[in-house]
Amino acid sequence: MNKRMRVVVMNAALGPLDYRAPSDWPAGTPVPPGSIVVAPLGPREVLGVVWDAEHMPAASVPEAKLRPLREVISVPPLQPALRRLIEWTADYYLASPAQVARMAIPSIGALRGPGQITEYRLSGELPDRMTPKRLMALEALQGEQATIRELSALCDVSEAVLRTLAQQNVLEPVVVATDRPYPAPEPDHDVPQLGPEQAAVAAELRAAVAARQFAPLLLDGVTGSGKTEVYFEAIAEALRQGENGRQTLVLLPEIALTQNFLARFEMRFGVAPVAWHSALKQSERRRAWRAIALGDAKVIVGARSALFLPYADLAAIIVDEAHETSFKQEDGVRYNARDVAVMRGRFEHIPVVLASATPALESRYMAAQGIYRTLALPARHGGAQLPAVHVLNLLEHPPEKQHWIAPPLVAALEQRLEAGEQSLLFLNRRGFAPLTLCRTCGHRIKCPNCSAWMVEHRLSARLACHHCGHHMDLPEACPECGDKDALVACGPGVERIADEVARRFATARTALVTSDTMWSPSHAAAFVENMQAGLIDIIIGTQLVTKGFHFPQLTLVGVIDADIGLEGGDLRAAERSFQQIAQVSGRAGRGEKPGEVWLQTRFPTDPVIAALADGDREAFYDAETESRRRIGAPPFGRMAAIIISSEDVKEAQEAANRIGGTAPQIDDLWVMGPAPAPLSMLRGRHRYRLLVQAKRSLELQRILREWLSPLPFPRGVRVSVDVDPYSFT
């Protein structure tokens, strides 16, 4: 009889369980730790991972009661470094090991042996009879190929409609081999000519990869300094190592950036890297996961979830735009991919490169303490200059009534159009207007599920909630008083700015760039292609356009409301605003022509606006650092948020009061709240929050665990803990 083994089953409500080896497993041979298995759990079967018993305590069960595993799946085991990362992440972010391990394991279909999958594409034939749904499918599926289920989600048509089209040969089947190999990148395919500063930093990165030691590196370079080309040399070094090259992971903050990055990578290395993000088809995820686990995928670029994949031979991790708040997961396991990437580098004994033009305050603090090493690129590549920044005081230069672009910025746009140059208008607010108000009774249309206003999206003729996704048609009359033609849109969103641009500059070719219009890599690729071909004169966009794009003909950036991010007063408001505006400003003047930036503001003396206008990044960071130091906020102290929610407001309030009433009385620990959350209702659930602040010397996770674990709560109450919170809503 084989000895017992510890298994982390993919059930977040359960801890590790003990099992015996499968009945057909060779006697006396242990199942290796990290093996992915199928385990019986009551009447069901679930995936699990065999774990090192000394790292994962479990309740003792008599040997005779142990059940045998059903199967050990034939894929490489999760390596020790990844298992240690899963343990650390679960401990630090107060999650269960199963929740974290789940991010490393795909569906069971991707785990089993090599196979094929049938996908479908348009054949060119027309259906026997055209219906609105069939027409919708034909228009949406041009150039697409995927399974019936994936095509259904893509075109918003039922699977039954698509199966009928397949029966009529309008959709033709295509058999796809799911495990075909990826072409190998060539480290010397198109080696760039680097400037002296770039070459020096690239040499340090190559040396760090060759050393095969943990090294956290902060690549701090101004916008346009060539950070991507420089860290490409670290990738090239990894590809040159060993017999067949080693693996590199590149994390990007937005899926919309992926296609632009893939094109730049292919120019440098001859082939595209392996992509990993939520938009992949089932067959693509299976192929990528297995190639990563076997070591056949050499360079992987992906969103934060790629951090937990089972790399066979990882040589380096690069976190691009490392300051981005989208690296922080806001539900489930609330981890920060930037920080977890550093920890994975530590467990793997490899360098981790954090690349940014506006590093997070925490990263700068670690560099100041000598924990991270800074590699600086203080100048733009090729002699290009940083853009001139002008502050446009809206109190002195107000826009015309029902307009949002001030006259000096209008004049600057006209000049660029006459010169045949490209411009960008930035406003980090989706939709047409953030509020719809009745002028008769004053009623504001709110989301029925959240304590948030519905945002008008005029392009889709809908009102939408940006928190829960609820949407409704624009009402003809006020829902409160019934008055017709009384509803007015208040304030601007990017759609409203685009509308004003179309009225002012009738001949200008424009592009509206938001998550509503650029929601897939293919849409991003089309936008980049049009910009590079000179087919766009003015971009109107949200934060999607603040990073990652290089357009040499773009010489003007206008920030419509530079104050918008300063509102709300959360801990990181000033830092986030500075980073965002600095990043979008950096899109201007990246080629031979000089760039110019206009910041529309009502508060020209605000420290953030003043630092941007003076180009004095260090002054801003010094002031912000001192402000955090005074109040003991991160990075000088530690914070955690406790979020309580329930569909019953009384139940949520009572649970929050119970938590607040049992708060530990410990020196250097402060508990604020409970209080209703700023977003007091989300997706139909009432929310309360507590904010915990502590000195860095305290074991905050242990304190939180001992405080919250014994407390009983009703079934409908959810209590989650956000360690190192980025959102204060």
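The structure under discussion appears in the preceding block.
Below or above, wherever it landed, is the structure these notes cover. All values reported here derive from a predicted model rather than from experimental measurement. Along each chain, residue indices are assigned from 1 in the same order as the chain's sequence is written. Totals for whole chains, interfaces and linings use all residues, but because this is a predicted model, local features are given only for residues with pLDDT of at least 70 and pairs of side-chain atoms are given and counted only at 80 or more. The side-chain values count all of the structure's non-hydrogen atoms but skip hydrogen atoms and water molecules.

1. Concerning the overall build of the protein chain
Helix and strand assignments come from DSSP, with helices taken as H or I runs of at least 4 residues and strands as E runs of at least 2, each series counted from the N terminus. The secondary structure content of the protein chain amounts to 20 helices and 30 strands. Put simply, the radius of gyration uses C-alpha atoms, and a globule should come to 2.2 Å times the residue count raised to 0.38. Taken over the C-alpha trace, the protein chain has a radius of gyration of 27 Å; the compact-globule value for 729 residues is 27 Å, and the two agree within 12%. Taking the principal axes of the C-alpha coordinates as reference, the protein chain spans close to 85 × 65 × 65 Å. Counting over 729 residues, the protein chain shows a buried share of 53%. What makes two residues a contact is simply this: any of their non-hydrogen atoms within 4.5 Å. Summarising the internal contacts of the protein chain: among those between residues at least 6 apart in sequence, 76% fall at separations of at least 24. In short, Shrake-Rupley with a 1.4 Å probe defines the accessible areas, and a residue's cover is counted only from the protein chains shown. Element-wise, carbon and sulfur atoms account for 51% of the exposed surface of the protein chain, whose accessible area totals about 32200 Å². The protein chain carries 79 positive and 83 negative side-chain charges, and their two centres are separated by 6 Å. Think of it in three bands: with a 1.4 Å probe and only protein chains considered, a residue is buried below 20% of the maximum accessible area for its type, exposed above 50%, and partly exposed in between. This count recognises Lys and Arg as positive and Asp and Glu as negative, with His and chain-terminal groups excluded. Lys charges are placed at NZ, Arg charges at CZ, Asp charges at CG and Glu charges at CD.

2. Overview of the pattern of salt bridges
Salt bridges are defined as contacts in which a side-chain nitrogen from Lys or Arg sits within 4 Å of a carboxyl oxygen from Asp or Glu. Under the counting rule described, the total for this entry stands at 41 salt bridges. Across the salt bridge formed by E204 and R373, the nearest N and O atoms sit 2.3 Å from each other. With E204 in helix α7 (residues 196–211) and R373 in strand β15 (residues 373–377), the pair connects residues that are 169 residues apart, well separated along the chain. Measuring nitrogen to oxygen at the nearest pair gives 3.6 Å for the salt bridge that ties R702 to E699. Taking relative accessible area as the criterion, R702 reaches 37% and is therefore assigned partly exposed. Within this structure, R4, R6, D18 and E63 form a network of salt bridges that share partners.

3. Quick notes on the sheet that holds strand β19 (residues 455–457)
At least two DSSP bridges between two strands are needed for those strands to be called paired. The three strands lie next to each other as β19-β20-β21, forming an open sheet whose pairing is antiparallel. The sheet is open, and its two borders are formed by β19 and β21 (471–473), each paired with just one other strand. For this sheet the average axis-to-axis angle between neighbouring strands, irrespective of direction, equals 30 degrees. With three bridges connecting them, strand β20 (residues 462–464) and β21 associate as antiparallel partners. The residue of β21 that forms the bridge with R462 is D473. Angles shown run from 0 to 180 degrees and are taken between the N-to-C directions of axes, each axis being a line fitted to C-alpha atoms and, for helices, limited to the stretch in contact.

4. Structural notes on the packing of aromatic side chains
Two aromatic rings, drawn from Phe, Tyr or Trp (for Trp, its six-membered ring), form a pair once their centres lie within 6.5 Å of each other, and the interplanar angle then sorts them: stacked below 30 degrees, edge-to-face above 60, tilted otherwise. Taken as a whole and judged by the stated rule, the model has 15 aromatic pairs. Ring plane angle 70 degrees and centroid distance 5.8 Å describe the contact between F578 and Y621, whose orientation is recorded as edge-to-face. Taken together, the residues F578 in helix α16 (residues 573–585) and Y621 in helix α18 (residues 617–631) connect sequence positions 43 residues apart. Residues F578 and Y621 agree in their burial class; the two are buried.

5. A word on the side chain of S645
Summarising the element assignment, S645 is placed in strand β27 (residues 637–646). The exposure class of S645 is buried, given its relative accessible area of 10%. Those residues in contact with S645 that sit more than four places away from it in its chain are A652, R685, H686, R687, G716, V717 and R718.

6. Quick look at helix α11 (residues 337–348)
A rise of 1.5 Å per residue sets the reference length of α11, with its twelve residues, at 16 Å; its end C-alpha atoms lie 16 Å apart and thus fit the reference within 8%. α11 sits mainly inside the fold: nine of its twelve residues count as buried. Within the sequence span of α11, burial applies to A337, R338, V340, A341, V342, M343, R344, G345 and E348. We call two N or O atoms a polar contact when they sit within 3.5 Å, provided that within protein one can donate a hydrogen and the other can accept it, with sequence-adjacent residues counted only if both atoms are side-chain atoms. Between the side-chain oxygen at the start of α11 and the backbone nitrogen of R338 there is a gap of 3.0 Å, and the oxygen is on N336. At the C-terminal side of α11, H349 shows a positive phi close to 60 degrees. Helix span, expected: 1.5 Å multiplied by one less than the number of residues in the helix.

7. What to know about the environment of P187
Summarising the element assignment, P187 is placed in the loop between β8 (171–177) and α7. Here the alpha-carbon distance between P187 and F269, two residues 82 residues apart in the chain, equals 5.9 Å. Those residues in contact with P187 that lie beyond four places of it in its chain are A236, L239, R240, R268 and F269.

8. Here's the deal with the sheet that holds strand β11 (residues 274–276)
Strand order in the open sheet formed by seven strands is β11-β12-β10-β13-β14-β9-β15, and the pairing between neighbours is parallel. Single-partner strands in this sheet number two, and they are β11 and β15. Averaged over all neighbouring strand pairs, the angle between strand axes comes to 20 degrees, with direction disregarded. Pairing geometry for β11 and strand β12 (residues 299–302), over three bridges, is parallel. From the neighbouring strand, A275 faces β12, where its bridge partner is V301.

9. Some words on the packing of helix α12 (residues 361–368) against α18
One can describe the packing of α12 onto α18 by two numbers: an axis separation of 11 Å at closest approach and a directional angle of 90 degrees. The angle between α12 and α18 falls in the class roughly perpendicular. Here L361, E362 and R364 of α12 come into contact with α18, specifically with R617, E618, Y621, E624, T625 and R628. In this scheme, roughly parallel covers angles under 35 degrees and roughly antiparallel covers those over 145, while 65 to 115 is roughly perpendicular and the rest are oblique.

10. Remarks on unusual backbone geometry
The linkage connecting P634 with the following residue, P635, adopts the cis geometry, with an omega of 10 degrees. A cis amide bond links G673 with the next residue in sequence, P674, at an omega value of 15 degrees. Turning to its location among the elements, P674 is positioned in strand β28 (residues 669–682). In this model, D668 sits at a positive phi of 70 degrees, which is unusual for a non-glycine residue. Relative to the assigned elements, D668 resides in the loop between α19 (649–661) and β28. The exposure class of D668 is partly exposed, given its relative accessible area of 30%. Unusually for a residue other than glycine, D724 sits at a positive phi of about 55 degrees. With a relative accessible area of 18%, D724 lands in the buried category.

11. A look at the side chain of N11
Here N11 is to be found in the loop between β1 (5–9) and β2 (17–19). Not counting chain neighbours up to four residues away, the residues in contact with N11 comprise L41, R44 and A98.

12. Let's talk about the state of the cysteines
In what follows, a disulfide is any cysteine sulfur pair within 2.5 Å. Under the definition given, this model contains zero disulfides. Left without a disulfide partner, C468 is nearest to the cysteine sulfur of C447, which lies 3.6 Å away.

13. Points about a nonpolar patch on the surface
Residues with no salt bridge and a relative accessible area higher than 30% make up the patches, which join like charges within 9 Å and nonpolar side chains (Val, Leu, Ile, Met, Phe, Trp, Tyr) within 5 Å. On the surface, a cluster of nonpolar side chains totalling about 290 Å² of accessible area is made up of L126, M130 and L135. Here L135 falls in the partly exposed class, since its relative accessible area comes to 39%.

14. Some remarks on the environment of S460
Mapped onto the elements, S460 comes out in the loop between β19 and β20. With 315 residues separating them in the primary sequence, S460 and Q145 have C-alpha atoms 26 Å apart.

15. Some words on the packing of α7 against helix α8 (residues 227–240)
Contact geometry for α7 and α8: axes closest at 8 Å, N-to-C directions at 35 degrees. As α7 packs across α8, the resulting crossing turns out to be right-handed. Contacts between α7 and α8 involve Q198, V201, A202, L205, R206, V209 and A210 from the former and V230, Y231, E233, A234, E237, A238 and R240 from the latter. Any residue that is not Ala, Val, Leu, Ile, Met, Phe, Trp, Tyr, Cys, Pro, Asp, Glu, Lys or Arg is counted as polar, Gly included; the first ten are nonpolar and the last four charged. Class assignment for the residues of the contact of α7 with α8 results in nine nonpolar, one polar and four charged. Two helices crossing with the near one rotated counterclockwise from the far one by less than a right angle form a left-handed crossing, whereas a clockwise rotation gives a right-handed crossing.

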